[in-house]
Amino acid sequence: MTDSADPVGGSAGQPAVTLPFPRTAKYGAAETEAVLAVMQEGHLSDIDRGPRIAALEDAFTTLTGAQHALSFNSGTASLHSALHGVGAGAHGGVVVSPMTWVSAITAVFQAGSYPVFCDIEPASPNLSADSLAHLPGTYSAVLATHAWGIPARMDELASATALPIVEDCSHAHGAVYRGRPVGSWGAAGCFSLQESKSVSGGEGGVMTTSNRQVYERALTLGHHPQRLQRELTLASLRPMAASGAAYKYRMPVLSAVVATEQLRGLPARMKAAEANLATLREVLASFDAPITFPVVDETSVRGWYGTPLIITLPVHDPQQLWDRLTQAKVPIRPLYEDWANVPLLQHPDLAARYWPHLAHTAYTPPSRQMLANYYRARRQMLILKIPHIPAPDYMEQVATAMASAVHRALSDS
Ligand SMILES: *Cc1c(COP(=O)(O)O)cnc(C)c1O
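The following paragraphs examine the structure supplied in this document. (Residues numbered from 1 in each chain as written. Predicted model: local features only at pLDDT ≥ 70, side-chain atom pairs only at ≥ 80, totals over all residues. Heavy atoms only, no water.)

### A short note on the site of the ligand
Phase 1 of the analysis: Near the ligand, the surroundings consist of 16 residues, among which G75, T76, D168, S192 and K197 are the closest.
Phase 2 of the analysis: A distance of 2.9 Å separates an oxygen atom of the ligand from a polar side-chain atom of H171.
Phase 3 of the analysis: Within the side chain of S192, one N or O atom sits 2.7 Å away from an oxygen atom of the ligand.
Phase 4 of the analysis: Protein chains bury 92% of the 380 Å² of accessible surface belonging to the ligand in isolation.
Phase 5 of the analysis: Considering each element in turn, the shell around the ligand owes the most residues, three residues, to helix 3 (residues 75–86). (Near = heavy atom within 4 Å. Polar contact = N/O pair within 3.5 Å; in protein donor to acceptor, adjacent residues only side chain to side chain. Areas by Shrake-Rupley, 256 points an atom, 1.4 Å probe, with all protein chains shown as cover. Helix = DSSP H or I, 4+ residues; strand = E, 2+ residues; numbered from the N terminus.)

### As for the sheet that holds strand 10 (residues 291–292)
Pairing between the strands of a sheet comes from backbone hydrogen bonds, and it takes one of two forms, parallel or antiparallel.
Phase 1 of the analysis: The strand order 10-11-13-12 describes an open sheet built from four strands, whose pairing is antiparallel. The outermost strands of the open sheet, each flanked by one partner alone, are strand 10 and strand 12 (332–333).
Phase 2 of the analysis: Bridge count for strand 12 against strand 13 (residues 381–384) is two bridges, and the pairing is antiparallel. Bridge assignment links R333 to a residue of strand 13, and that residue is I383.
Phase 3 of the analysis: Against the sheet, helix 14 (residues 392–412) contacts strand 10, strand 11 (307–311) and strand 13, and its axis sits at roughly 35° relative to strand 11. (Pairing = 2+ DSSP bridges. Contact = heavy atoms within 4.5 Å. Axes fitted to C-alpha atoms, helices over the stretch in contact; angles between N-to-C directions.)

### Some words on the packing of helix 2 (residues 51–64) against helix 9 (residues 253–286)
Phase 1 of the analysis: Across the interface, helix 2 lies against helix 9 with an axial gap of 8 Å and an inter-helix angle of 35°. Seen from above, helix 2 lies across helix 9 with left-handed handedness. Across from R52, I53, A55, L56, A59, F60 and L63 in helix 2, the residues of helix 9 making contact are V253, A256, V257, A259, T260 and L263.
Phase 2 of the analysis: Of the residues that constitute the contact of helix 2 with helix 9, the class distribution is eleven nonpolar, one polar and one charged. (Left-handed = near helix turned anticlockwise from the far one by under 90°. Nonpolar A, V, L, I, M, F, W, Y, C, P; charged D, E, K, R; others polar.)

Structure follows, in C-alpha cells:
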C-alpha cells in the first residue's frame, strides 16, 4: 500500500494528531530564583551536608518514608553506591531486568559484580517474581527497575528471594506500590535526577534506605571526608572517614536546588498526567482498540516516564506499526536498545577490558531463551509520551489517531 502524507502529517484521510504536544517550560520561576539565590551566596559546592543538600535529601525521605536519603551526582552513581551498600560483589551476580536503562546493568560491573538477566512479567515491563524464584545460579543482590513508572511487585519479589533488593526508581518518582512509596520497599532505592526524568536537577541522583549500614557503606564510596567524619558511626567503616574510597559522587548545589523545586511541582504534574491517561483510555475503549495497559491496582500509584501499553493482537511487523503511529503524529518513543544483545554483554572479553574482575566470575552472556516475555514485549509493547499538564483535547486526538493506526497496521500485515 502507498501512503501520501497530507498537510497535517497523517496518511491521506486517516486521523492524525494536529495539536502540538502540550508542555510548559521544564524549569519555571521557582527553579530560576533558587539558582540565582545560590549564585548570590557564592557556594556551588557542598563538601558536607550543607542546607541545600540537606533540603533535597530531606525531601526524599519525606517522599519515600525511608529513614535516610543520600544525594549523588548521577543516578548511576547512586546505583553503584547502593549495590556496594547492600554487599553486591564478585561472589555472586546481581539479578537485573533487560527492560531498563543500561546504567542499571553496567552499575553492576562498577560494583565489582556481574549481571544475571531475568525475564519480565508477561503483561508488565517489570521483573517477574516467578522467573526470579526459578533462576539458576548464585547471586548477591537483585536490582529491580520500576520500568516506565509501573511499580514492580516488591512484595512478590521479596518472597521469591532472600537477597537484598535495590529498587531503581528512576522512572517512578512519587510512585506507590500497595500503599507504600517506591524507594522504601527494598534495601535501597535509587532515583535519577537526569533531565529527562520526572524530577530533574539537570543531572543528579538520590539513594534512599532505612538501613544504617547500607547508608554508611554508600557514603564511603564517593562522599567527602568531612561528611564521612561527621556521619560514619559503624566501627567497620570508621577507618574510611579520613579518605573515603576515591570516587567523586557529590551532587552540585545547583542541581540540588533545581531538583528540590522540581519535586514541589511533582504532585500537580502527576495529577495532570493521570487525567490525560484516563482520557486516552476512555477514547481507546470507545473504539474497541486492541490495546491494554499494565495493571496498577487501586492501592498503587504509577510514576511517569513514558507510559507503556500492550497491543493485544500479534504484531507481525513492529516497524510498520511504528511507521503508522509516527505518521499519525502519535507521540511514541522507542523502547531501549536490546541490552541483552549488545557486544558488551554478549562478549565477556570486551567487558573484561573495562572490568578485569569479570574473568574471575561465573558471568555468562544473557540467552534469548531465558527472556521470552521480554522479547515478546519488544514486539507488543509501545511507550507513549503523556503530557504533564491538562490536555484533554490533545489526548482525544492521540487516542483517535492511535486506534486507527493500530487497526490499519494489524490488518495490513
Ligand atoms: C536515567 C536512568 C538511570 C541512570 O541515571 P543517570 O542519572 O542518567 O545516571 C538508571 N536507571 C534508569 C532506569 C534510568 O532511567
